[in-house]
Amino acid sequence: MAQNGRGPGGTRSAGPRCIALVGPFQSGKTTLLEAILARTGAIQRQGTVEAGTTVGDASKQARDHRMSVEASIATTAFMGDSYTFIDCPGSIEFIHDMRAALPAVDAAVVVCEADEKKVPQLQLILRELEDLNIPRLLFLNKIDKADKRVRETIRLLQPASRVPLLLRQIPIWNNDIISGFVDLALERAYVYREHAPSEIVELAGENLDRKKEARFSMLETLADHDDELMEQLLEDIEPPRDRIFDDLAKELRERHVVPVLLGVATRSNGVLRLLKALRHESPGIAETAARLGVKAGSEAVALVLKTFHTTHGGKMSVARVLAGTIGDGTILHTAEGEAGRVAGVFKVMGQQFEKRGQANAGETVALGKLDGAKTGDTLSTGKQAHAAIAPVKPYPPVLAVAVQAKERKDDVKLGVAFTKLTEEDPSLTVVHNAENHEVVIWGQGEMHLRVAAERLGERYGVPVTTRPPTVGYRETIRKPITQRGRYKKQSGGHGQYGDVVLEIKPLPRGSGFQFEDRITGGVVPRNYIPAVEEGVIDALKQGPLGFPVVDLHVALVDGSYHTVDSSDQAFRTAGRIAIVEGLPQCQPVLLEPIDEVEIVCPSDATAKMNAILSSRRAQILGFDAREGWPGWDVVRAQMPEAEIGDLIIEVRSATSGVGSFTFKFDHMAELTGRMADQIVAARRAAE
Ligand SMILES: Nc1nc2c(ncn2[C@@H]2O[C@H](COP(=O)(O)OP(=O)(O)OP(=O)(O)O)[C@@H](O)[C@H]2O)c(=O)[nH]1
Ligand SMILES: [Mg+2]
């Protein structure tokens, strides 16, 4: 349970914390986690991403691609409290793991760099945190490579945040290299040492003046939400240090400011100060439970923030306990049904799970074998299941790939693998396309889908091949015709006889298929007419161009029969023959699906989006300011589905990775000329 104790900074939350490490792609989150684990003694030596020796990113896919492809979780202890860190992937394609974990955390450390190109991504991540009301501090990493003044960096990053960035430390420069920092709240100067706590030094001369100025600026920002402090500043009274710490904690928790700390994750510089800031200033479980509307009581409540299917331990649901206690054997429910009985409570260290005792409120642990639980679920023990606290809907998918088991015998296993895959990563969806017997995985981008395919092989033992999914082309006709279809077979004994005359004519787009019976005088007996329609429908499954035929009207107008030889089968065949022989004479034409597309992007990329759309045969409908997103636009267009295929790749590369789009089917449109010929030829070749 959270208690309030007096730390050097006044009231601080005690007890277990859960902290997210988030930030733009490759900013150093996994390295920072490693530095934290080394600094807190959870591991002996700090590994590196380059050598593939970090606790985070321990999966084969993450190691192979040298990037985080899912959240890594590790629990350590610092000054008597337990801390669980969720190291989230920075790539926008894997952002769902971050979004699923965020609701459960007490605070987020946003790891970023002084890099203008990464500001849009930073803005996107900060918005998620702002929308969820999660306290956040910025860890300005890689300052060993800094080539600009920190104030300038803050100016660069500020537009990404809706609330002021509050510089809490300033660097000490030594021949164009940052050799240490001044903590503006503590008023102490430190010199960095590699993989060791920084050393306190005396401040003098120019550094002392810079400190005074920066400190005043920090206090001014704090005073915006503290009238008493404002008065003290105006009257030139030195505010008590405790008061400043209290303010820092309060304003972080109330999300009035985003404190900024400096560091070098690779060398573990600035890590201890970061941990101390978390210890004194981050809220704890009491505040987080209150934010989520969870009441303390006898009922246990937990939020699943990540799911693993491990080779040896089976399914693991990593959950933060928000209230009560969960132990081995606890039966848990989700809002939808029974989650299962907990088979083991585990401490998580990357991909390692270590059995432990029951977990109390505030702790983040893996719960074994909860078959009915999935990421994002609210688990509870009460008679009545707790309402879902924080359902997070994945972003709509933007790219698809068709997959097939390399070996036929794996088809059944593949189905099981899909279930595990989507349980681990709900931002993937698997769609079975009955029309062409294709299984398509939809996801958030090229790398996302590549990793999904790799996981099927490497984690679930079903190697697969992938290819672009089939576009849903159709064909129709442009000219009417009256066509006879006759099926007659006299081969000794019982013969076959069916004879029909069909009037075939085109219909407007979107009408589908219509069948009409205009037989008079019983020239085709009533009981055979459904068979004729069946034959027609069967023939329309693949028209003269090789695609399903739509938007046409077929009327049965005439025919004849034989009292002995006619049958359903014979009339079905006659119907088929009339269509197969008639359609090629009706000027068949290819139809392609056109989707309505909405691209969202920072406004400075809008012109580029128009160019991208034009190069993809799109009809641009216009653009508007994106509601609630200052500095962003929405571009609307209609565009052939075939061109949407890899649109996301171009959109991302033109927007530092933050542009995205949604689409939905709008209509079918005729496609003629060389492109249509190529599609028809490719279809024939595939048969
Ligand atoms: N110079 C320098 N390089 C760093 C620092 N921190 C991390 N790096 C390097 O930056 C690269 C990315 O580091 P990661 O820790 O994988 O970054 P990440 O934010 O976890 O990356 P994603 O999870 O893929 O977004 C690696 O090559 C690190 O060695 C730092 O403080 N200084
Ligand atoms: Mg990482």
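This one's a predicted model, so the numbers in the text were calculated from it and none came from an experiment.

K.L.:
Just checking my understanding: could you explain the coordination of the magnesium ion (ligand 2) for this structure?
P.N.:
Tetrahedral coordination by four donors sets the ideal angle at the metal to 109.5 degrees; octahedral coordination by six donors sets it to 90 or 180 degrees. Coordination of the magnesium ion (ligand 2) by the protein is provided by Thr 30 (OG1) and Ser 68 (OG), with metal-donor distances spanning 2.0 Å. Of this pair, Thr 30 sits in helix α1 (residues 29-39) while Ser 68 sits in the loop between α2 (60-65) and β4 (72-78), and the two are 38 residues apart along the sequence. Overall, Ser 68 belongs to the buried group, its relative accessible area being 9%.

K.L.:
Got a minute to help me understand the pattern of salt bridges in this structure?
P.N.:
Two side chains that carry opposite charge are able to pair once their charged atoms sit near each other. Going through the model one piece at a time under the given rule, you end up with 52 salt bridges. With its nearest N and O atoms 3.0 Å apart, the salt bridge here joins Glu 70 to Lys 306. Pair noted here: Glu 70 is in the loop between α2 and β4 and Lys 306 is in strand β14 (residues 301-310), with a separation of 236 residues, a long-range link. Residue Glu 598 is joined to Arg 636 by a salt bridge in which the shortest nitrogen-to-oxygen separation is 3.1 Å. Separated by 38 residues along the polypeptide, Glu 598 in strand β33 (residues 588-602) and Arg 636 in strand β35 (residues 632-640) bring together distant segments of the chain. Classification of Arg 636 by relative accessible area gives partly exposed; the value is 27%. Shared partners join several salt bridges into a network, and the residues in it are Glu 70, Asp 97, Lys 306, Glu 424, Arg 455 and Arg 459.

K.L.:
I'm lost on the environment of Val 501 in this one. Help?
P.N.:
Structurally, Val 501 is set in strand β30 (residues 496-506). Residue classification places Val 501 among the buried positions, given a relative accessible area of 9%. Distance from Val 501 to Val 304, taken between C-alpha atoms, is 64 Å for residues 197 residues apart in sequence.

K.L.:
Any chance you could explain the site of ligand 1 here in plain terms?
P.N.:
Taken together, the neighbourhood of ligand 1 is formed by 19 residues, with Gly 28, Lys 29, Thr 31, Glu 50 and Ser 68 sitting nearest. Gly 28 is positioned with one of its backbone polar atoms (N or O) 2.8 Å from an oxygen atom of ligand 1. Contact distances for ligand 1 include 2.9 Å between an oxygen atom and a backbone N or O atom of Ala 265. Taken by itself ligand 1 offers 650 Å² of open surface, and the protein chains cover 90% of this. A class-by-class count of the residues in the shell around ligand 1 yields five nonpolar, nine polar and five charged.

K.L.:
Help me out: how do you make sense of the packing of aromatic side chains in this one?
P.N.:
Evaluated as defined, the whole model comprises 10 aromatic pairs. The positively charged end of Arg 99 is found above the aromatic ring belonging to Tyr 395, 4.0 Å away from the centroid. The ring centre of Phe 308 lies 5.1 Å from the NZ or CZ of Lys 306, which sits over that ring.

K.L.:
Teacher, can you tell me more about the sheet that holds strand β24 (residues 399-405) here?
P.N.:
Within a sheet, adjacent strands bond to each other through the backbone by hydrogen bonds, running parallel or antiparallel. Pairing in this open sheet of four strands is antiparallel, and the strands run β25-β26-β24-β27 from one edge to the other. Only two strands of the sheet have a single partner each, and these edge strands are β25 (429-433) and β27 (464-467). Across the sheet, the mean angle separating the axes of adjacent strands is 35° when strand polarity is ignored. Across five bridges, the pairing between β25 and strand β26 (residues 438-443) is antiparallel. Across the sheet, Asn 433 pairs through a bridge with Glu 438, a residue of β26.

K.L.:
Help me understand the sheet that holds strand β29 (residues 481-489), please; the structure alone is not making it clear to me.
P.N.:
As summarised here, the arrangement of the four strands in space is β29-β30-β32-β31, forming an open sheet in which the pairing is mixed. Both edges of this open sheet fall to β29 and β31 (513-517), since each of them pairs with a single strand only. When strand polarity is set aside, the average angle formed by the axes of neighbouring strands in this sheet is 25°. Along the sheet, helix α14 (residues 568-582) makes contact with β29, β30 and β32 (552-560), crossing β30 at roughly 40°.

K.L.:
Could you clarify how one ought to interpret the nonpolar core in this entry?
P.N.:
Side chains of nonpolar character tend, in soluble globular proteins, to be buried together. Counting residues in hydrophobic clusters, the biggest one holds 85 residues, and the most contacted among them are Val 22, Ile 86, Leu 129 and Leu 138. By size, the runner-up hydrophobic cluster in this structure holds 36 residues, among which are Ala 405, Cys 601, Met 639 and Leu 647.

Definitions and cut-offs
Residues numbered from 1 in each chain as written. Chains lettered and ligands numbered in written order. Predicted model: local features only at pLDDT ≥ 70, side-chain atom pairs only at ≥ 80, totals over all residues. Heavy atoms only, no water. Donors = N, O, S within 2.8 Å, 3.2 Å for Na, K, Ca; no water. Helix = DSSP H or I, 4+ residues; strand = E, 2+ residues; numbered from the N terminus. Buried < 20%, exposed > 50% of the residue type's maximum accessible area, 1.4 Å probe, protein only. Salt bridge = Lys/Arg side-chain N within 4 Å of Asp/Glu carboxyl O. Near = heavy atom within 4 Å. Polar contact = N/O pair within 3.5 Å; in protein donor to acceptor, adjacent residues only side chain to side chain. Areas by Shrake-Rupley, 256 points an atom, 1.4 Å probe, with all protein chains shown as cover. Nonpolar A, V, L, I, M, F, W, Y, C, P; charged D, E, K, R; others polar. Phe/Tyr/Trp six-rings, centres within 6.5 Å; stacked < 30°, edge-to-face > 60°. Lys NZ or Arg CZ within 6 Å of the ring centre and 35° of its normal. Pairing = 2+ DSSP bridges. Axes fitted to C-alpha atoms, helices over the stretch in contact; angles between N-to-C directions. Contact = heavy atoms within 4.5 Å. Core = buried A, V, L, I, M, F, W, Y, C linked by side-chain atoms within 4.5 Å.

Geometry only, nothing functional implied.
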